[in-house]
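Structure assessment
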Amino acid sequence: MDLDELLFGAVAKFFKRKSKQKILADKNAIFLNDIKSRLTILARAITGESIEIFPAEKEGGYKNLNFFLPIYFNEFNTVDANFEFYKFRLLFLSIQKELN
């Protein structure tokens, strides 16, 4: 490996670790792993199908019976508001799936 690749890798790892620590320290952030079971029940109740929820790399979407949602969300000022976003996104994906 060249020197520039090693330097870039080290710098990228540093910033990734720093941003992860910042997100974990945010008290308003909500994580998909913490609410996945509740969202799965809600998605199945809305659609009437056996929906599974998985973490998305970007904004998410759906494919067949799989919904992809963000790993975390912290854009609003409260945990409840951030949880409401997940519910909104779930309803949006349900309607999008129904309309193809």
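Residues numbered from 1 in each chain as written. Predicted model: local features only at pLDDT ≥ 70, side-chain atom pairs only at ≥ 80, totals over all residues. Heavy atoms only, no water.

**With respect to the overall build of the protein**
Along the backbone of the protein there are 3 helices and 5 strands. Counting from the amino terminus, helix and strand elements in the protein follow one another as α-β-α-β-β-β-β-α. Taking all 100 residues of the protein together, the buried fraction comes to 25%. Summed over all atoms, the accessible surface of the protein reaches about 7600 Å², with 58% contributed by carbon and sulfur. (Helix = DSSP H or I, 4+ residues; strand = E, 2+ residues; numbered from the N terminus. Buried < 20%, exposed > 50% of the residue type's maximum accessible area, 1.4 Å probe, protein only. Areas by Shrake-Rupley, 256 points an atom, 1.4 Å probe, with all protein chains shown as cover.)

**Re the pattern of salt bridges**
Here the structure, examined in full by the defined rule, presents 3 salt bridges. Linking Lys 97 and Glu 49 is a salt bridge whose minimum nitrogen-to-oxygen distance equals 3.1 Å. With a gap of 48 residues between them, Lys 97 in helix α3 (residues 79-99) and Glu 49 in the loop between α2 (32-47) and β2 (52-56) connect regions that are remote in the sequence. Classification of Lys 97 by relative accessible area gives buried; the value is 16%. (Salt bridge = Lys/Arg side-chain N within 4 Å of Asp/Glu carboxyl O.)

**Some thoughts on α3**
The end-to-end C-alpha separation of α3 is 31 Å, in line with the 30 Å expected for 21 residues at 1.5 Å each. Once α3 ends, the next one or two residues include Asn 100, with phi positive near 60°. (Expected span 1.5 Å × (residues − 1).)

**Let's talk about the packing of aromatic side chains**
Under the counting rule described, the total for this entry stands at 6 aromatic pairs. Between the aromatic rings of Phe 88 and Phe 92, the centroid separation amounts to 6.3 Å while the plane-to-plane angle is 35°, which identifies the pairing as tilted. Pair noted here: Phe 88 and Phe 92 are both in helix α3, with a separation of 4 residues, about one helical turn. Linked through ring pairs, Phe 73, Phe 76, Phe 85 and Tyr 86 together constitute an aromatic cluster. A cation sits over an aromatic face here: Arg 38 above Phe 83, 4.6 Å from the ring centre. (Phe/Tyr/Trp six-rings, centres within 6.5 Å; stacked < 30°, edge-to-face > 60°. Lys NZ or Arg CZ within 6 Å of the ring centre and 35° of its normal.)

**Here's the deal with the environment of Leu 39**
Inspection of the secondary structure puts Leu 39 in helix α2. Taking the C-alpha atoms as reference, Leu 39 lies 9.8 Å from Ile 51; in sequence the two are 12 residues apart. Sequence-distant contacts of Leu 39, defined by excluding residues within four places in its chain, comprise Leu 32, Ile 53, Leu 69, Phe 83, Tyr 86, Lys 87 and Leu 90. (Contact = heavy atoms within 4.5 Å.)

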